[in-house]
Amino acid sequence: MLAVALVMSLAPGSRHATAADTRDEVGQGAQPAVLRVGAARELKRPSAAAQIARDGDVIEIDAGIYAGDAAVWRQHRLTIRGLGGRPQLRADGAHAEGKAIWVIKGNDTTIESVEFSDAKVPDRNGAGIRLEGAGLMVRDCYFHNNETGILAGAGQASDVVVEHSEFAHNGFGDGQSHNLYIGSVRSFTLRFSYVHHALVGHNVKSRAARSHITYNRIMDENDGRSSYAIEFPDGGLSFVIGNVIQHGPATENATIVSYGAEGLKHPLNEFYFVNNTVVNDRPPGGVFLFVRMGAAARIVNDVFSGRGDLLSGPGELRNNVVAAKTDFVDPANFDYRLKAGAAAIGRGANPGRAHDFELRPTAEYAHQAQEGARSSSGKLDAGALEYRGER
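Residues numbered from 1 in each chain as written. Predicted model: local features only at pLDDT ≥ 70, side-chain atom pairs only at ≥ 80, totals over all residues. Heavy atoms only, no water.

Novice: Looking at this structure, I do not really get the overall build of the protein. What am I missing?
Specialist: When helices and strands are counted, the protein shows two helices and 39 strands. For 391 residues, the compact-globule estimate of 2.2 N^0.38 gives 21 Å, and the protein sits close to it at 23 Å. When its C-alpha atoms are laid out on the principal axes, the protein stretches across 85 × 40 × 40 Å. By residue count, 57% of the 391 residues in the protein fall in the buried class. In the protein, once contacts between residues fewer than 6 apart in sequence are set aside, the share between residues at least 24 apart is 64%. (Helix = DSSP H or I, 4+ residues; strand = E, 2+ residues; numbered from the N terminus. Rg over C-alpha atoms; globule rule 2.2 N^0.38 Å. Buried < 20%, exposed > 50% of the residue type's maximum accessible area, 1.4 Å probe, protein only. Contact = heavy atoms within 4.5 Å.)

Novice: In this structure, what is going on with the sheet that holds strand 1 (residues 34–37)? I would like to understand it.
Specialist: The strands that make up a sheet pair up through hydrogen bonds in the backbone, lying either parallel or antiparallel. Spatially, twelve strands are ordered 1-2-5-8-11-14-17-20-23-26-29-32 in an open sheet, and the strand pairing comes out parallel. Sheet topology places strand 1 and strand 32 (316–318) at the edges, where each strand pairs with a single neighbour. Shown here is a sheet whose adjacent strand axes are inclined to one another by a mean of 10 degrees, direction ignored. Inspection of the sheet shows strand 1 paired to strand 2 (residues 58–62) by four bridges, in the parallel sense. By the bridge assignment, Val37 is partnered in strand 2 with Ile61. (Pairing = 2+ DSSP bridges. Axes fitted to C-alpha atoms, helices over the stretch in contact; angles between N-to-C directions.)

Novice: In this structure, what is going on with the side chain of Gln75? I would like to understand it.
Specialist: Its location among the elements puts Gln75 in the loop between strand 4 (71–73) and strand 5 (79–83). Within the structure, the side chain of Gln75 is placed 2.9 Å from the backbone oxygen of Ala50, a separation counted as a polar contact. At a separation of 3.0 Å, a polar atom in the side chain of Gln75 contacts the main-chain carbonyl oxygen of Ala53. Apart from the residues lying within four places of it in its own chain, the contact partners of Gln75 are Ala50, Ala53, Arg54, Asp55, Gly106 and Asn107. (Polar contact = N/O pair within 3.5 Å; in protein donor to acceptor, adjacent residues only side chain to side chain.)

Novice: Can you walk me through the nonpolar core in this structure?
Specialist: Generally speaking, nonpolar side chains in soluble globular proteins are found buried as a group. Ile59, Trp73, Trp102, Ile111, Phe188, Ile230 and Phe273 are the most contacted members of the largest nonpolar core, which has 63 residues in total. Not counting residues up to four positions away in its chain, the partners in contact with Ile230 are Val204, Ile213, Ile218, Val240, Ile245, Ile256, Val257 and Ser258. In terms of nonpolar packing, the next biggest core, distinct from the first, is built from 16 residues, Tyr336, Leu338, Leu385 and Tyr387 among them. (Core = buried A, V, L, I, M, F, W, Y, C linked by side-chain atoms within 4.5 Å.)

Novice: Before we go on, may I ask you to explain unusual backbone geometry in this structure?
Specialist: Peptide bonds are trans in most cases, and residues, glycine excluded, mostly fall at negative phi. The amide bond that connects His367 to the next residue, Gln368, takes the cis arrangement and shows omega of 20 degrees. Tracing the backbone through its elements, the reader meets Gln368 in the loop between strand 38 (363–366) and strand 39 (370–373). A positive phi angle, near 60 degrees, is found at Glu97, a position not held by glycine. Relative to the helices and strands, Glu97 is located in the loop between strand 6 (88–90) and strand 7 (100–104). A positive phi angle is found at Val200, which is not glycine, with a value near 75 degrees.

Novice: Got a minute to help me understand the packing of aromatic side chains in this structure?
Specialist: The relative placement of two aromatic rings is captured by the distance of their centres and the angle of their planes. Tallying each qualifying case throughout the model produces 14 aromatic pairs. Consider the rings of Phe288 and Phe304, whose centres lie 5.2 Å apart with planes at 70 degrees: the pair is edge-to-face. With Phe288 in strand 28 (residues 287–291) and Phe304 in strand 30 (residues 303–306), the pair connects residues that are 16 residues apart, well separated along the chain. With a relative accessible area of 1%, Phe288 lands in the buried category. Relative to Tyr336, the ring of Phe328 has its centre 5.2 Å away and its plane inclined at 70 degrees; by these criteria the two rings are edge-to-face. Ring-pair connections join several aromatic residues into one group, and the members of that group are Phe232, Tyr259, Phe271, Phe273, Phe288 and Phe304. (Phe/Tyr/Trp six-rings, centres within 6.5 Å; stacked < 30°, edge-to-face > 60°.)

Novice: Is there a simple way to explain the confidence of the model for the protein in this structure?
Specialist: Note that predicted coordinates carrying low pLDDT should not be read in detail. Summarising the model, the protein shows a mean pLDDT of 93, and 92% of its residues fall at 70 or more. Across residues 1–21, confidence stays below pLDDT 50; counting only partners more than four residues off in sequence or on other chains, it has two contacts. Every residue in residues 24–28 is under pLDDT 50, and counting partners more than four places away or in other chains gives six contacts. (pLDDT = per-residue confidence, 0-100.)

Novice: Explain the pattern of salt bridges to me, please; I cannot follow it from the model alone.
Specialist: Any two side chains of opposite charge can pair, so long as their charged atoms come close to each other. Applying the stated rule across the entire model yields 28 salt bridges. Taking the shortest distance from any N to any O, the salt bridge between Glu132 and Lys99 comes out at 2.6 Å. With Glu132 in the loop between strand 10 (127–131) and strand 11 (136–139) and Lys99 in the loop between strand 6 and strand 7, this pair connects stretches of sequence that are 33 residues apart. A salt bridge links Arg207 to Asp234; the shortest N-O distance between them is 2.9 Å. Taken together, the residues span a long stretch of sequence, with Arg207 in the loop between strand 19 (204–206) and strand 20 (210–214) and Asp234 in the loop between strand 22 (230–232) and strand 23 (237–241) at a distance of 27 residues. Accessibility expressed as a relative area gives 13% for Arg207, which makes it buried. By relative accessible area, Asp234 is classed as buried at 5%. Residues participating in the shared-partner salt-bridge network are Arg74, Glu97, Lys99, Lys105 and Glu132. (Salt bridge = Lys/Arg side-chain N within 4 Å of Asp/Glu carboxyl O.)

Novice: Explain the side chain of Ser238 here, please?
Specialist: Locating Ser238 in the fold gives a position in strand 23. Here Ser238 is in contact with Ser211, Phe232, Tyr259, Glu270, Phe271 and Tyr272, once residues within four sequence places are set aside.

Novice: Would you explain the sheet that holds strand 16 (residues 180–182) in this entry?
Specialist: On the basis of which strands lie adjacent, the open sheet formed by ten strands has the order 4-7-10-13-16-19-22-25-28-31 and parallel pairing. With partners counted over all chains shown, the strands left at the sheet margins are strand 4 and strand 31 (309–312), one partner each. For this sheet, the mean inter-axis angle between neighbouring strands, taken without regard to orientation, is 10 degrees. Of the strand pairs in this sheet, strand 22 and strand 25 (residues 255–259) are connected by three bridges, and their pairing is parallel. In the sheet register, Glu231 faces strand 25, and the bridge partner there is Ser258.

This is the structure we're talking about:
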C-alpha cells in the first residue's frame with residue numbers, strides 16, 4: 001500500500017516533468033518557446049501542445065493527418081503553423097467544447113498552413129476554428145467539409161484577418177452555417193483567398209463594424225448551392241474591391257451580394273463596391289446587389305455579366321460595364337480575364353478614397369489563393385482583372 005501511495009503521489013509530478021522537459025529542449029524558463037508536434041516528436045498531437053503552451057509560444061506541427069484530435073487554445077500571442085506542408089486536422093467526430101476542432105480563447109493568435117476538415121457538433125455549426133478571443137490572423141490554411149469554416153464571435157477589440165486561404169464545401173445544409181461567418185468584431189479582412197461551394201449557407205458573412213473583402217475568388221462554379229456570395233447583414237463600413245464573384249446555376253438565392261438585410265446596426269453604414277467582376281449563371285437571373293434603404297453605397301468600375309438587376313436599393317452607379325460572356329477569355333472554366341476588344345478595357349475611372357482607404361485596386365487575385373500584380377497608374381480597366389494584351 002505504501003508503494004501504491006508513492007506511485008500515486010509521484011504521477012502528477014512525472015507528467016509535469018515531461019512537459020518541462022519538452023519545453024527545455026526548445027526554450028528556457030518562462031520565455032516563449034517553440035513546441036514541435038508530430039509522430040516522431042514527444043508531443044504527438046496538437047492538443048498536447050495546447051495543454052502546456054505559454055503566452056507567446058510558437059507551435060510547429062509536422063505535416064501529416066491528425067485524426068480525432070481537438071483542442072482549446074487559451075494562451076495569448078500564439079503562432080501555430082504547419083511544418084513541411086499543411087498538417088490536416090481531421091475531426092473524425094472529435095470536437096472541443098461542442099464547438100470546433102480548435103477553439104481559440106486567447107488573444108492575438110496567428111495560424112499558418114494548417115488544414116481543418118470534417119468538424120461536426122450537436123448544434124450543427126461545428127467549425128474548423130471557433131474564435132472566442134480577440135484578434136486572429138489566418139494565413140495559407142484550408143477549411144473544407146466542416147459545418148462552418150471559421151466562426152468568429154463578437155468582440156469590439158477584435159480584428160480578424162484571413163489571407164491566402166481556401167474555404168470549400170463548408171455548411172450543414174440548413175442555411176444557418178457558412179464557409180466564413182464573422183460576428184460583430186471591430187474589423188474583418190479577407191484577401192487573396194478562394195471561397196467556394198458553401199453548402200446552402202453563405203460563402204462570406206460578416207457582421208463586423210468594418211469589413212475589407214479584397215482580391216478574392218468567391219464562387220459556386222458549376223454545382224455550388226450557396227445562398228449569398230457575400231453578406232453584410234448589419235451594414236457597417238464595407239469595402240468590396242477587386243473580387244471575382246460568380247453565382248452558380250444551382251444557387252438557392254436570387255441575390256448575389258447583400259448589404260444591411262437585417263438592419264443598419266453600426267454607427268457608420270457605407271458600402272463601397274469597386275472594380276469587381278460579378279457573373280450570374282443562375283438561369284432565371286436575379287439581383288446582383290441589394291442595399292438597404294438608408295445606407296450610402298458607391299458602385300464603381302464593376303463588370304456585371306448575366307441576367308439580373310444590377311441594384312436593388314440606393315446607391316451611386318458609375319462607370320460600370322454590363323459585359324457579354326464573349327468578353328472573357330474562358331468563361332466556361334471561370335476564367336474572366338478580359339479578351340481583346342472587351343467593353344471593360346479602359347472604361348474605369350479614378351474611384352478616389354474613402355475613410356483614408358484607397359479605392360483604386362492595387363493588386364488582383366491570382367489562382368489559386370495568390371496575389372497578382374496590377375498597375376497602380378495609367379488607364380484603368382473596369383472589373384477585377386486587368387487586361388494584359390495590346391491596347
